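Summary of structural features
One letter stands for each residue in the lines below.
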Amino acid sequence: MTRTIEPEIYQRANELLRKLNLLERDIDELPEHAPLRKKKQAEYDERAAEYRRLMTDIQDAQGQGQLFGEEAGA
């Protein structure tokens, strides 16, 4: 049985990637000792972990789709 990924998952992944890029830019612009930098870094780390989980789910589903698609065509 092939797992399908809902379009909302792709949309969430794209949204997270956009936010990660913005956070990375914000972090780079802040001085090393700024308290806000630590807060933004923590937020970045949390969102990055969620993004990695989503991408793993997407890649797993794509791999299963390829596997079962190849078996069906064989």
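Overview of the structure. (Residues numbered from 1 in each chain as written. Predicted model: local features only at pLDDT ≥ 70, side-chain atom pairs only at ≥ 80, totals over all residues. Heavy atoms only, no water.)

**What to know about the overall build of the protein**
Inclusion rule: A run of DSSP states H or I qualifies as a helix once it reaches four residues; a run of E qualifies as a strand once it reaches two. Both are numbered from the N-terminal end. Only protein chains enter the area calculation, which uses a 1.4 Å probe; residues under 20% of their type maximum are buried, those over 50% are exposed, and those in between are partly exposed. Each accessible area value is a Shrake-Rupley result obtained with a 1.4 Å probe; residue values ignore everything except the protein chains displayed when judging cover.
Counting secondary structure elements, the protein contains two helices and zero strands. Per-residue burial for the protein yields a buried fraction of 18% across its 74 residues. In the structure as shown, the protein presents an accessible area of about 5,700 Å², 52% of it carried by carbon and sulfur atoms.

**Let's talk about the pattern of salt bridges**
What counts here: Salt bridges are counted wherever a side-chain nitrogen of Lys or Arg sits within 4 Å of a carboxyl oxygen of Asp or Glu.
The tally for this structure, following the rule as stated, stands at eight salt bridges. With its nearest N and O atoms 3.4 Å apart, the salt bridge here joins R25 to D26. What makes R25 partly exposed here is its relative accessible area of 44%. Its salt-bridge partner being E32, residue R37 comes within 3.3 Å of it at the nearest N-O pair.

**Points about the nonpolar core**
Convention followed: Here, the term nonpolar core denotes a set of buried Ala, Val, Leu, Ile, Met, Phe, Trp, Tyr and Cys residues that are joined through side-chain atoms within 4.5 Å.
Judged by nonpolar contacts, I5, A13, L16, L54, I58 and A61 together constitute the single largest core of six residues. A total of three residues in this core trace back to one element, the largest contributor, which is helix 2 (residues 35-73).

**Quick look at the side chain of R37**
Our working rule: Here a polar contact is recorded for every N or O atom pair within 3.5 Å, except that within protein the pair must consist of a potential hydrogen donor and a potential acceptor, and residues adjacent in sequence are included only if both atoms are side-chain atoms. Contacts are residue-level and defined by heavy atoms, with any inter-residue pair within 4.5 Å sufficient.
Among the secondary structure elements, R37 is positioned in helix 2. On the accessibility criterion, R37 (17% relative accessible area) is buried. Only 2.7 Å separates the side chain of R37 from the backbone oxygen of L30, close enough to count as a polar contact. In this view, R37 contacts I27, D28, L30, P31 and E32; residues no more than four positions away in its chain are not counted.

**Structural notes on the environment of D60**
Relative to the helices and strands, D60 resides in helix 2. Judged by its relative accessible area of 39%, D60 falls in the partly exposed class. In this structure, the C-alpha to C-alpha distance between D60 and I5, residues 55 residues apart in sequence, is 9.8 Å.

**A short note on helix 1 (residues 7-29)**
Formally: One less than the residue count of a helix, multiplied by 1.5 Å, gives the span that helix is expected to have.
Between its first and last C-alpha atoms helix 1 spans 34 Å; for 23 residues at 1.5 Å apiece the expected length is 33 Å, and the two agree. When helix 1 is considered as a whole, its buried residues turn out to be A13, L16, L20, L23 and I27.

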